[in-house]
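A look at the structure
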Amino acid sequence: MIYFDNAASSWPKPPQVIDAVREALEDSGANPGRSGHRLARKAAGHVYEARKRLARFIGAEKEERVVFTANATEALNTAINGVLKQGDHVVTTVLEHNSMLRPLYLLKKKGVDVSIVSCDASGKIRPDQIEHHIKLNTKLVALTHASNVTGTIQPIAAIAEIARRRGVLLLVDAAQTAGAYPLDVSALGIDMLAMTGHKAFSGPQGTGALYVSPGTALLPLKVGGTGSFSELEQQPEGFPDYLESGTLNGPGLAGLAAALEFLEETGLNEIMEHEQLLLSRLVTMLRNIEGVIVYGHQAGVSHVPVVSFNIHNCDPAEVSFALDRIYDMAVRPGLHCAPLAHKALATYPQGTVRASLSYFNTLVEVDNFIEAIEQITHDL
Ligand SMILES: Cc1ncc(COP(=O)(O)O)c(C=O)c1O
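Residues numbered from 1 in each chain as written. Predicted model: local features only at pLDDT ≥ 70, side-chain atom pairs only at ≥ 80, totals over all residues. Heavy atoms only, no water.

**Concerning the packing of aromatic side chains**
Applying the stated criterion across every chain yields a total of eight aromatic pairs. Judged by centre distance (5.7 Å) and plane angle (45°), the rings of Phe239 and Tyr242 are tilted. Neither Phe239 nor Tyr242 differs from the other in exposure class; each is buried. Taken together, Phe4, Phe309 and Phe369 form an aromatic cluster joined through their ring pairs. Over the face of the ring belonging to Phe239 we find Arg65, whose NZ or CZ atom lies 3.7 Å from the ring centre. For Lys343, the ring lying beneath its charged end belongs to Tyr348, and the centroid distance is 4.6 Å. (Phe/Tyr/Trp six-rings, centres within 6.5 Å; stacked < 30°, edge-to-face > 60°. Buried < 20%, exposed > 50% of the residue type's maximum accessible area, 1.4 Å probe, protein only. Lys NZ or Arg CZ within 6 Å of the ring centre and 35° of its normal.)

**Considerations on the domain arrangement of the protein**
By the assigned domains, the protein splits into domain 1 (2-10 + 267-379) and domain 2 (15-265). One C-alpha centre belongs to domain 1, the other to domain 2, and the line joining them spans 27 Å. In this assembly, 34 residues from domain 1 lie in contact with 34 residues from domain 2. Summing the contributions of domain 1 and of domain 2, the shared interface buries around 2600 Å²; its carbon and sulfur component is 61%. The largest share of the area that domain 1 buries against domain 2 comes from Leu268, Val304 and Leu340, three residues that together contribute 21% of it. Across the contact surface, domain 1 and domain 2 share zero salt bridges. Across the contact surface, domain 1 and domain 2 share 17 residue pairs in polar contact (both at pLDDT 80 or more). Examining the composition of the side of domain 1 that touches domain 2, we find that six residues originate from one element, helix H11 (residues 339-345), more than from any other. (Domains from an automatic or database assignment. Contact = heavy atoms within 4.5 Å. Buried area = accessible area lost by both parts, 1.4 Å probe. Salt bridge = Lys/Arg side-chain N within 4 Å of Asp/Glu carboxyl O. Polar contact = N/O pair within 3.5 Å; in protein donor to acceptor, adjacent residues only side chain to side chain. Helix = DSSP H or I, 4+ residues; strand = E, 2+ residues; numbered from the N terminus.)

**Some points on helix H1 (residues 15-27)**
The terminal C-alpha atoms of H1, which comprises 13 residues, lie 18 Å apart, in line with the 18 Å expected from a rise of 1.5 Å per residue. Looking at H1, one finds that the buried residues are Val17, Ala20 and Ala24. Axial view of H1: buried residues confined to an arc of 60°, hence all on one face. Exposed residues lying more than 90 degrees from the buried face of H1 are Pro15, Leu25 and Glu26. Where H1 is buried, its residues touch helix H2 (38-58) and helix H8 (250-266). (Expected span 1.5 Å × (residues − 1). Arc of directions from axis to C-beta.)

**Topic: the packing of H1 against H2**
A pair of packed helices is characterised by two quantities: the angle between their axes and the separation of those axes. One way to put it is that H1 packs onto H2 with a least axis distance of 10 Å and a crossing angle of 160°. The angle between the axes of H1 and H2 places the two elements in the roughly antiparallel class. Crossing of H1 against H2: the hand is left-handed. Between H1, through Glu23, Ala24 and Asp27, and H2, the contact on the second element is made entirely by Leu39, Lys42 and His46. (Axes fitted to C-alpha atoms, helices over the stretch in contact; angles between N-to-C directions. Parallel < 35°, antiparallel > 145°, perpendicular 65-115°, else oblique. Left-handed = near helix turned anticlockwise from the far one by under 90°.)

**Description of the UniProt feature "domain: Aminotransferase class V" (unreviewed entry) in the protein**
The UniProt record marks residues 2-369 with the feature "domain: Aminotransferase class V" (unreviewed entry), using the residue numbering of this structure. Annotated as residues 2-369, this span is 39% helix and 15% strand, and its ends, taken at the C-alpha atoms, are 8 Å apart. (UniProt positions renumbered as here; feature names shortened; annotations may be inferred.)

**Examining the pattern of salt bridges**
As enumerated under the stated definition, the model contains 17 salt bridges in all. The shortest N-O distance in the salt bridge between Asp113 and Lys135 comes to 2.5 Å. Taken together, the residues Asp113 in strand S4 (residues 113-117) and Lys135 in the loop between helix H5 (127-133) and strand S5 (138-144) connect sequence positions 22 residues apart. Overall, the relative accessible area of 39% leaves Lys135 in the partly exposed class.

**A few points about the side chain of His145**
Structurally, His145 can be placed in the loop between S5 and helix H6 (156-165). On the accessibility criterion, His145 (5% relative accessible area) is buried. Among the polar contacts made by the side chain of His145, one reaches the side chain of Thr177 at a distance of 2.8 Å.

**Focus on the side chain of His336**
Counting through the fold element by element, His336 comes out in the loop between strand S12 (332-334) and H11. Of note is the side chain of His336, whose polar atom sits 2.9 Å from the side chain of Thr352. When near neighbours in sequence (up to four residues on either side) are disregarded, His336 contacts His97, Asn148, Val149, Ser308, His342, Thr352 and Arg354.

Okay, structure coming up:
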């Protein structure tokens, strides 16, 4: 199979990741951070390794400020519900995934004011538009680092500067960039960064993380057992325990640690170079097919390796079905959980066909995919 659905979940995983998960299940399946015995210490060691490597990757000064979650959705819910209360105002964008929008819509019903900034035709948010919406009661600017529909990378440095200058917290959804693009929370001044393990990091599903900067105060989304300060009625205040109640996904985090090691050894530059080579060929060749419309991907704008397109007059679901059934190629059709992005791109409600690449894809696969699209364009 040609797998071009890496923005949903990356596949295949590096062999080291599979080995690490198996090893954790077979040899260190105890509870990390609970008991003091050898197996529990080994499990805790995997968790520490993942935390240390993740903190290093995102430039976090203190590794304990990286708290593990089940996915980016849980990280976003923790951040959003942790800082916003009735009477607060939040600025977000049309490019957001439902994992950002739905928690905000829910809070809107509880008296949080939500402003939604639009994007331009390339799928980019203008920083001055964010600033334009900031009011006296604005508590948070919350936006995605890269659109999961067009792949467009947003000008986070400029937006972080505005947030800092206006005294507003900044939450960045790095679900599509963490592992695919350089990130430095300390240099940029990002207050909270939501990540997922199963996309560009090439880690297992069920792993994610939220970075919270040392100055950011938030309430925990859930409280409970942390394996620490068990005599206290209230949640321990020290990180990461403050936001990490309940047994962690030990085998998953062992896999994530191995994925981060693979990323460090391979080098982000090498990964990006390969992905950008494939991406530029894919975009150029799709654009050369008569009847194919590619959304965004204007020259001079940076992208993660995600392309949305449509074949004139064809339902994206039908194209995706044909790719799967006839050509053994996996893509994702529809709205990609980002309905407002499609309204902005005029692709609502049918959505787009999304092809998303990884380091493990090849130029030959891109060429075969283009041949299939040419054929489908001809046949449908
Ligand atoms: C931009 C963006 N945010 C959030 C998510 C949610 O990620 P997860 O499934 O890991 O919760 C996704 C996943 O598709 C995404 O693309």
